[in-house]
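# Fold and geometry: a report
Each chain, letter by letter, is given below.
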Amino acid sequence: MKNYVDGGEAILEAFRKLKIDYILSSPGSEWSPVWEALVRQKLGNRNGPAYIDCWHETLAVNMATGYTLMTGRPQAVLVHAGVGLLQAGMGIHGALQAEVPMVVMSGESHTLGENPELDIEPQWYGGLSVGGTERFVDNITKWSRQVTSPHTLYETVIRAGEMAQRTPMGPIYLNVALEHMLHDWSPPANDRDVPFAPRVQAHPSEVEKVAGLLLKAKNPIVVAEHAGRDPAAFQALVELADLLAVPVTWGRAANYANFPTDHPLYLGVASYDHLKDADLILLVGGRAPWYPPHVRPGRGKIVAINDNQFKGHMIYQNLHADLYLEGDIAASLQALAQAARAAKVAADAVKKRREKWTAAHDTFVAGLKAEKVKARSGNGKAIDPLALIATLGEVMPADTIYVDETITHGQTLRQHLPFTAPQTFFRGFGGLGQGIGTALGIKLAARERPVALLVGDGGFLYNPVIQALGASKQHGLPILIVVFNNRKYLAMEKGHIHHYPDGAAESARMHLGSRLDGPDYDALGSHFGFHGERVVEPGKLKAALQTAMQKVQDGSTAILNVLLSR
Ligand SMILES: Cc1ncc(C[n+]2csc(CCOP(=O)(O)OP(=O)(O)O)c2C)c(N)n1
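The sections below set out a description of the structure shown in this document. All of these numbers come straight from a predicted model, not from anything done at the bench.

### Quick word on the side chain of Glu179
Note on placement: Glu179 falls in helix H6 (residues 178–182). No salt bridge forms around the buried Glu179; measuring N to O, its nearest opposite-charge neighbour Arg40 is 17 Å away. Not counting the four nearest positions on each side in its chain, Glu179 is found in contact with Glu108, Ser109, His110, Thr111, Leu112, Leu118 and Ile120.

### Some points on the pattern of salt bridges
Summed over the entire model, instances satisfying the criterion amount to 27 salt bridges. A salt bridge links Arg16 to Glu13; the shortest N-O distance between them is 2.9 Å. On the criterion of helical spacing, the pair formed by Arg16 and Glu13 is a turn pair, its members being three residues apart in helix H1 (residues 7–17). Take Arg16 and Glu13: they sit in the same class, and that class is buried. Close ionic contact of Lys17 with Glu13 constitutes a salt bridge, the shortest N to O distance being 2.6 Å. With a gap of four residues between them, Lys17 and Glu13 both fall in helix H1, about one helical turn apart. Comparing Lys17 with Glu13 shows no difference in burial state: the two are buried. A single network of salt bridges, built from pairs that share partners, joins Glu9, Glu13, Arg16, Lys17, Glu36, Arg40, Arg46 and Asp191.

### Re a nonpolar patch on the surface
Among the surface-exposed residues, Met1, Val39 and Leu43 lie close enough to one another that they form a single nonpolar patch of about 380 Å² accessible area. Structurally, Leu43 is set in helix H2 (residues 32–43).

### Here we look at the site of the ligand
In the vicinity of the ligand, 16 residues are found, and the nearest of them are Thr408, Asp457, Gly458, Gly459 and Ala491. Take Gly459: an N or O atom from its main chain is 2.7 Å from an oxygen atom of the ligand. The separation between an oxygen atom of the ligand and a polar side-chain atom of Asn486 is 2.9 Å. Within the complex, the protein chains bury 80% of what would otherwise be the 590 Å² of accessible surface of the ligand. Broken down by element, the residue count for the shell around the ligand peaks at four residues, all from helix H14 (residues 457–462). Considered class by class, the residues forming the shell around the ligand number eight nonpolar, six polar and two charged.

### Describing the sheet that holds strand S13 (residues 401–405)
As summarised here, the arrangement of the six strands in space is S14-S13-S15-S16-S18-S17, forming an open sheet in which the pairing is parallel. Edge strands, defined here as strands with exactly one partner in the open sheet, are strand S14 (425–427) and strand S17 (531–535). Ignoring which end each strand starts from, the neighbouring axes of this sheet average 15° apart. Direction of pairing for S13 relative to strand S15 (residues 451–456): parallel, over a ladder of five bridges. Across the sheet, residue Ile401 finds its bridge partner in S15, namely Val451.

### Remarks on the packing of aromatic side chains
Note on aromatic pairs: each is described by the distance of the centres and the angle between the planes. Under the defined criterion, the tally for this structure stands at 15 aromatic pairs. Taking 6.1 Å as the distance between ring centres and 40° as the angle between the ring planes, the aromatic pair formed by Trp250 and Phe425 counts as tilted. Of this pair, Trp250 sits in strand S8 (residues 248–250) while Phe425 sits in strand S14, and the two are 175 residues apart along the sequence. Like Trp250, the residue Phe425 is buried in the burial classification. For the pair Tyr266 and Phe364, a centre-to-centre distance of 6.0 Å together with 75° between the ring planes defines the contact as edge-to-face. Of this pair, Tyr266 sits in strand S9 (residues 266–269) while Phe364 sits in helix H10 (residues 347–376); the two residues are 98 residues apart in sequence, bridging distant segments of the chain.

### Comments concerning unusual backbone geometry
A cis geometry characterises the amide bond from Thr167 onward to Pro168, with omega recorded as -10°. Following the sequence through the fold, Pro168 ends up in the loop between helix H5 (153–164) and strand S6 (171–175). The residue after Tyr291, namely Pro292, is reached through a cis peptide bond having omega -5°. Mapping Pro292 onto the fold places it in the loop between strand S10 (280–284) and strand S11 (301–306).

The rules behind the values
Residues numbered from 1 in each chain as written. Predicted model: local features only at pLDDT ≥ 70, side-chain atom pairs only at ≥ 80, totals over all residues. Heavy atoms only, no water. Helix = DSSP H or I, 4+ residues; strand = E, 2+ residues; numbered from the N terminus. Buried < 20%, exposed > 50% of the residue type's maximum accessible area, 1.4 Å probe, protein only. Lys, Arg positive; Asp, Glu negative; His and termini not counted. Salt bridge = Lys/Arg side-chain N within 4 Å of Asp/Glu carboxyl O. Contact = heavy atoms within 4.5 Å. Patch = residues over 30% accessible without salt bridge, like charges linked within 9 Å, V, L, I, M, F, W, Y side chains within 5 Å. Areas by Shrake-Rupley, 256 points an atom, 1.4 Å probe, with all protein chains shown as cover. Near = heavy atom within 4 Å. Polar contact = N/O pair within 3.5 Å; in protein donor to acceptor, adjacent residues only side chain to side chain. Nonpolar A, V, L, I, M, F, W, Y, C, P; charged D, E, K, R; others polar. Pairing = 2+ DSSP bridges. Axes fitted to C-alpha atoms, helices over the stretch in contact; angles between N-to-C directions. Phe/Tyr/Trp six-rings, centres within 6.5 Å; stacked < 30°, edge-to-face > 60°.

Here it is as structure tokens:
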């Protein structure tokens, strides 16, 4: 056996130094140098990243995203040349939007068979190599470049991993020539352990300013849009809210569980009516909190607390911020809590505030309950989406991680499911079709917790379903998939009617782009021996969900195809 110490080893060694746990990949022949290095790693019993082969590139990127959302640690994705990169593009765009760090790589040949000393496979000549693949992903990555030479390969990968973790976090793409990977490589004389990116904190003087406003405020309120992505920030927000009896509403476009839904200061999702009388609004992890953007939600001062306030991946933002606390969200919230503890807080005022908002919380919860009762009391013929959501809330264990890829049902499930701990809710970014991969990546990071993907029938069909189910089987990642099946792309119909309420389509009830005659979603898992059930009757829903959950707990993915009334 020959030991090739080449560019493949350089890449793997860089991944090891970056403490990457997984290489998520969809294969291409440029990766034989890395496969060689991985096999040597295995034969030599060396520690290093595990390799996961995926049958689709979007899936590979989505799994990396899910894993990083749970752990905070960036992973590596290897795809094939320009073609694999195009397939990966959907996931890369989602990762950019979600500010998820990762290193994505693909390669082409540069010599194309013209170097007599290097016998390159002929496929690279004649179309597979397009040149400049980094341009495919230029505006959907944080940074994308070509690796300049075999001599810069190792440090370029290290730098990509380090850069990806810096604010704004995001995917970095490297186009690496096959020839660079086949080239001999000498490990650096002075290699180093690469540290994770440090947390960057707001300056104490800025904290002091905001703490001053907060302590003076009579009616402060928190809008938490992406606060809960970091469990530490979730906890810090609970602590701060508790300390000063500041109520919290999740933002209108929350993609994470931001604050416990059973907390007496919790006011619901997008409960913006309360903002009208607020004299201070703490916008925590704001991305697109107000809609329409130009409408200011109240007269109170707005303080935006975030690490990355102005998101370069968005074409437009209007935060209406009067003040910024910039830096790690958890650290900012902890510093505010510390300042509040150090100051003399008017206990009476805080007590009164707590009573007022606890009453508002109770009213809100009673309203939710009434909505659920109504949804369940229907005519008994069809399952109301809220009846499904209510049943999920009853049956699923408290530590369930929900991954949401529904559309018209999304706001209802955010409002009604119990999210009492951090990392219990994730909603993906970007286009449809990424939910299963994200859920699998989350499961890979949290094997001990139940993971449930909630997805519309339309959204489900954009996913690489077979490939994802294959990954679930191959890598032992059982998840529950609940298809919210209304036999429609309902959002398309609603959007059409919104713009043409009395148009031809609505008058004739002829909505193009809306009808969806999908397959038996519950049967798709049968190829892998997975459980599936089609649920039509409301009376059978609970038992079906319990059975499906039992199957998941026994190690099998389960698909519940629930036919809904709307
Ligand atoms: C990749 C991609 N293609 C198309 C769309 C446009 N789109 C947004 S919502 C939607 C309908 C989704 O249908 P479904 O998941 O069944 O949810 P429903 O609208 O019925 O609630 C479509 C097609 C998209 N967001 N992403």
